[in-house]
Amino acid sequence: MSIITIRDFTEDDLAWMAALEVELFGAGAWSEALIREDFALGLRDYRCAEWDGERAGYAVWGPDGDVFHLMNVAIDDAHRRRGIGRALIDDMFVAARARGERDVWLEVAVTNRAAILLYRKFGFKDVRVREKYYQPEGTDALVMRAVVAPEERRKGGRTFIP
Ligand SMILES: CC(C)(COP(=O)(O)OP(=O)(O)OC[C@H]1O[C@@H](n2cnc3c(N)ncnc32)[C@H](O)[C@@H]1OP(=O)(O)O)[C@@H](O)C(=O)NCCC(=O)NCCS
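Residues numbered from 1 in each chain as written. Predicted model: local features only at pLDDT ≥ 70, side-chain atom pairs only at ≥ 80, totals over all residues.

1. Focus on the overall build of the protein
Secondary structure assignment for the protein yields 5 helices and 7 strands. From first element to last, N terminus to C terminus, the protein shows the α and β order β-α-α-β-β-β-α-β-α-β-β-α. The C-alpha atoms of the protein give 16 Å as radius of gyration, which agrees with the globular expectation for 162 residues (15 Å, within 12%). With respect to the principal axes defined by its C-alpha atoms, the protein has extents near 50 × 40 × 35 Å. Residues counted as buried form 22% of the 162 residues belonging to the protein. At a minimum sequence separation of 6, the contacts of the protein that also span at least 24 residues come to 55%. (Helix = DSSP H or I, 4+ residues; strand = E, 2+ residues; numbered from the N terminus. Rg over C-alpha atoms; globule rule 2.2 N^0.38 Å. Buried ≥ 20, exposed ≤ 12 C-beta atoms within 10 Å, placed from the backbone. Contact = placed C-beta atoms within 7 Å.)

Quick look at the structure:
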């Protein structure tokens, strides 16, 4: 039986992430310098998914302006369709609930069918299209939003002062 483990990034994961970014997103990849700078700021969660102890993918989320944003999720080719993307999004919702977030926002290329289908499974709905959002290709982005279910937020055992 195989195991998916999700853990926080360490410095050692940054070069690996940057290499995977280039492989998957080409000219639109986050550069290693940008990744290092953003990671050092400590504002967002960088999470690494391992398949039987081997790094397989990552997700990055956190505040973006005044909204909670799923910035990126990616799985290497060899580990696709094993539920790792789903595990990372699930992990993100646990974090969003724990923080008391009401909703989660993301952008995805309108051409990225696999990711759109994955997001829809988690209740993400289409909000609008941002034209030519991804450069240099000029691909449109679909803006999606999911509500963090209030009943699940309550399960987190939060305390309210009336
Ligand atoms: C999108 C991505 C993260 C999915 O990761 P994954 O680990 O392969 O996805 P999962 O195995 O968890 O799949 C969960 C569900 O997503 C959908 N899905 C995932 N890949 C799919 C594909 N190639 N075609 C159709 N549906 C797909 C399915 O509904 C799937 O459920 P199922 O396997 O029960 O049918 C992965 O394809 C990837 O890294 N793509 C390149 C990077 C990227 O585009 N990231 C998104 C940036 S916004």
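Having seen the structure, we can now continue with the description.
2. Considering the environment of P136
Along the chain, P136 turns up in the loop between β6 (125-134) and β7 (139-147). Residue classification places P136 among the exposed residues on the basis of 8 C-beta atoms within 10 Å. It is 7.0 Å that separates the C-alpha atoms of P136 and A27, two residues lying 109 residues apart in sequence.

3. Focus on the pairing of β6
Counting buried residues in β6 gives 0 out of 10 residues, a small share hidden from the surface. Here β6 pairs with β7 via 6 bridges, running antiparallel. Directly across from K125, in β7, lies its bridge partner R145. Between β6 and β7, which pair antiparallel in sequence order, lie 4 residues; one of them, G138, sits at a positive phi of approximately 80 degrees. (Pairing = 2+ DSSP bridges.)

4. Digging into the site of the ligand
Around the ligand lies a shell of 20 residues, among which R80, G85, R86, A114 and L118 are the nearest. Secondary structure elements with two or more residues in the shell around the ligand: β4 (67-75), α3 (84-98) and α4 (113-121). Per element, the largest residue contribution to the shell around the ligand is 6 residues, and it comes from α4. Across the shell around the ligand, the residue classes tally to 10 nonpolar, 4 polar and 6 charged. (Near = placed C-beta within 6 Å. Nonpolar A, V, L, I, M, F, W, Y, C, P; charged D, E, K, R; others polar.)

5. Overview of the nonpolar core
Membership of the largest hydrophobic core comes to 31 residues, with the highest contact counts inside it found for A49, Y58, A59, I84, L88, M92 and L106. Of all the secondary-structure elements, those providing two or more residues to this core are α1 (14-25), β2 (45-51), β3 (54-64), β4, α3, β5 (103-109) and β7. No other element matches α3, which puts 6 residues into this core. Setting aside residues no more than four positions away along its own chain, L88 makes contact with I6, R47, A49, G57, A59 and V73. (Core = buried A, V, L, I, M, F, W, Y, C linked by C-beta atoms within 7 Å.)

6. What about the pairing of β4?
Bridge analysis of β3 against β4 gives 8 bridges, and the strand direction is antiparallel. Looking at the pairing, A59 lines up with V73 of β4.

Just distances and angles here, no functional claims.
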